[in-house]
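# A look at the structure
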Amino acid sequence: MTVMMARDTKATSRIARLARHPLVCVMGLLLGGVLGHIRPDWGLELEAPGQFFLTLMKLSVYPIIPAAVIGSLSRLLRSGQSAPVLRRMVVVFTLAVLLGSALGIASGLCLRPGANLNPQSEAYLGQVLLQGEIKAPPSGMWQLLLVLVPANVFETFSTGQIIGMIVVSILMGIALGLNQRPSATYFLHVIEAVHDTFGMILHWVLYGLAPGIFCLAAGQMAKMGTEALLALGSFAAHAGIGMLVLSLICLMAISFSTGRGIGEVVSALKEPLLIAF
């Protein structure tokens, strides 16, 4: 009995690694795009399963984000060694934001995505951009704070507003870390249980990562067509190059600070990087 359970566990582990392997996911993306181009009717039928998988991903990830921020920040404050760590965190996040912004501006000025599009592709791209809701950027520090800080916490979490969720989670983590009452400790245990529970659900959902990407690619290709790909392809390619360069810089920084090789760092962060991309 024990031997059979061990074999089942090893088989399940191999299936999980295969289902989340980057090459398998890339193959699913390419095959889905080809199918959506060749048979748009099939691609439209596969759009619903793809959206269902995406919904399951959101269901799993959205609770993990605030639970991770609240739990880690409150534990850090309760440890009594928060001052030097928080200073390093502020410096690292500030530099990362500035580096990402500078890299985006530089890639746009140097690579000029969309500069050589034909008139048809430019017209289609303009229609796609006009379909979204265009909001005026905040014109000052107070307006920026009004945008970042949500007025309704429950609405923020229910609608999945990531920036608002992070802001609320930071405030809750600080308050929970400074509160030494038994009720606060119990609530912290609940937060950690939520994190572990939805992490397990996310692990289950990732078994369908490659099929989910296949269905999403087929549905998007069937809806958008090759004209949209020609219009948006250069933007996606340049954005991908920028993200790869930024990721490489961050991986080199992690490797330097931890004393581990780049390959070891990539292996440890392979799953988060795959989900992020």
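Residues numbered from 1 in each chain as written. Predicted model: local features only at pLDDT ≥ 70, side-chain atom pairs only at ≥ 80, totals over all residues. Heavy atoms only, no water.

This part takes up the overall build of the protein. When you go through the protein residue by residue, the secondary structure sums to 12 helices and zero strands. Look at the contacts in the protein between residues 6 or more apart in sequence, and 75% of them connect residues 24 or more apart. Here the protein displays about 18600 Å² of accessible surface, and carbon together with sulfur accounts for 72% of that area. (Helix = DSSP H or I, 4+ residues; strand = E, 2+ residues; numbered from the N terminus. Contact = heavy atoms within 4.5 Å. Areas by Shrake-Rupley, 256 points an atom, 1.4 Å probe, with all protein chains shown as cover.)

Summarising the model, the protein shows a mean pLDDT of 79, and 78% of its residues fall at 70 or more. When pLDDT is averaged over each element of the protein, helix α9 (residues 182–205) comes out on top at 91 and helix α1 (residues 2–19) at the bottom at 58. Counting contacts from residues 1–6, a segment whose pLDDT is below 50, to residues more than four positions away or on other chains yields zero contacts. (pLDDT = per-residue confidence, 0-100.)

Along the chain, the position of Ser255 falls in helix α10 (residues 209–258). Given a relative accessible area of 12%, Ser255 falls into the buried group. Excluding its chain neighbours within four sequence positions, the residues that come into contact with Ser255 are Arg260, Gly261, Ile262 and Val265. (Buried < 20%, exposed > 50% of the residue type's maximum accessible area, 1.4 Å probe, protein only.)

Moving on, we come to the environment of Leu178. Tracing the backbone shows Leu178 in helix α8 (residues 162–178). Separated by 100 residues in the primary sequence, Leu178 and Arg78 place their C-alpha atoms 6.9 Å from one another.

So, on to helix α2 (residues 22–38). Between its first and last C-alpha atoms α2 spans 24 Å; for 17 residues at 1.5 Å apiece the expected length is 24 Å, and the two agree. Of all the residues in α2, the buried ones are Cys25, Gly28, Gly32, Gly33, Leu35 and Gly36. Looking straight down α2, one finds its buried side chains confined to an arc of 165°; they lie on one side. Relative to its buried face, α2 has exposed residues pointing more than 90 degrees away, namely Leu23, Met27, Leu30 and Ile38. (Expected span 1.5 Å × (residues − 1). Arc of directions from axis to C-beta.)

Because the α-helix completes a turn every 3.6 residues, residues three or four places apart line up on one side. Helix length check: α9, at 24 residues, gives a terminal C-alpha distance of 35 Å against a target of 34 Å (1.5 Å per residue), a fit within 8%. Among all positions of α9, only Ala184, Leu188, Ile191, Leu202 and Val205 are buried.

The next subject is a nonpolar patch on the surface. Taken together, Ile162, Ile166, Ile170, Ile174 and Leu178 make up a surface patch of nonpolar side chains, about 390 Å² in accessible area. Within the secondary structure layout, Ile162 lies in helix α8. (Patch = residues over 30% accessible without salt bridge, like charges linked within 9 Å, V, L, I, M, F, W, Y side chains within 5 Å. Salt bridge = Lys/Arg side-chain N within 4 Å of Asp/Glu carboxyl O.)

Per the counting criterion, the structure on display carries three salt bridges. With a closest N to O distance of 2.7 Å, Arg75 and Glu192 form a salt bridge. Taken as a pair, Arg75 in helix α3 (residues 40–78) and Glu192 in helix α9 lie far apart in primary sequence, 117 residues in all. For Arg75, a relative accessible area of 35% translates into the label partly exposed. You can call Glu192 partly exposed: its relative accessible area is 27%.

Looking now at the side chain of Glu47. Topologically, Glu47 is positioned in helix α3. Given the relative accessible area of 19%, Glu47 is considered buried. For Glu47, the residues in contact, after removing those within four places along its chain, are Cys215, Gly219 and Lys223.

This next bit is on the nonpolar core. Within the largest apolar cluster, eight residues are counted, these being Cys25, Phe53, Met57, Ile64, Leu202, Val205, Leu206 and Leu209. Mapped onto this core, the elements with two or more residues apiece are α3 and α9. Broken down by element, this core gets its largest block of residues, three residues, from α3. If you look at the next biggest cluster of nonpolar residues, it comprises six residues, including Ile70, Ala184, Leu188 and Ile191. (Core = buried A, V, L, I, M, F, W, Y, C linked by side-chain atoms within 4.5 Å.)

Look at α3 against α9: their axes get within 8 Å of each other, and the N-to-C directions meet at 145°. The chirality of how α3 crosses α9 is left-handed. Classifying every residue of the contact of α3 with α9 by side-chain character gives 18 nonpolar, seven polar and three charged. (Axes fitted to C-alpha atoms, helices over the stretch in contact; angles between N-to-C directions. Left-handed = near helix turned anticlockwise from the far one by under 90°. Nonpolar A, V, L, I, M, F, W, Y, C, P; charged D, E, K, R; others polar.)

Its place among the elements puts Val194 in helix α9. A sequence separation of 131 residues divides Val194 from Pro63, and the C-alpha atoms of the two residues are 7.4 Å apart.

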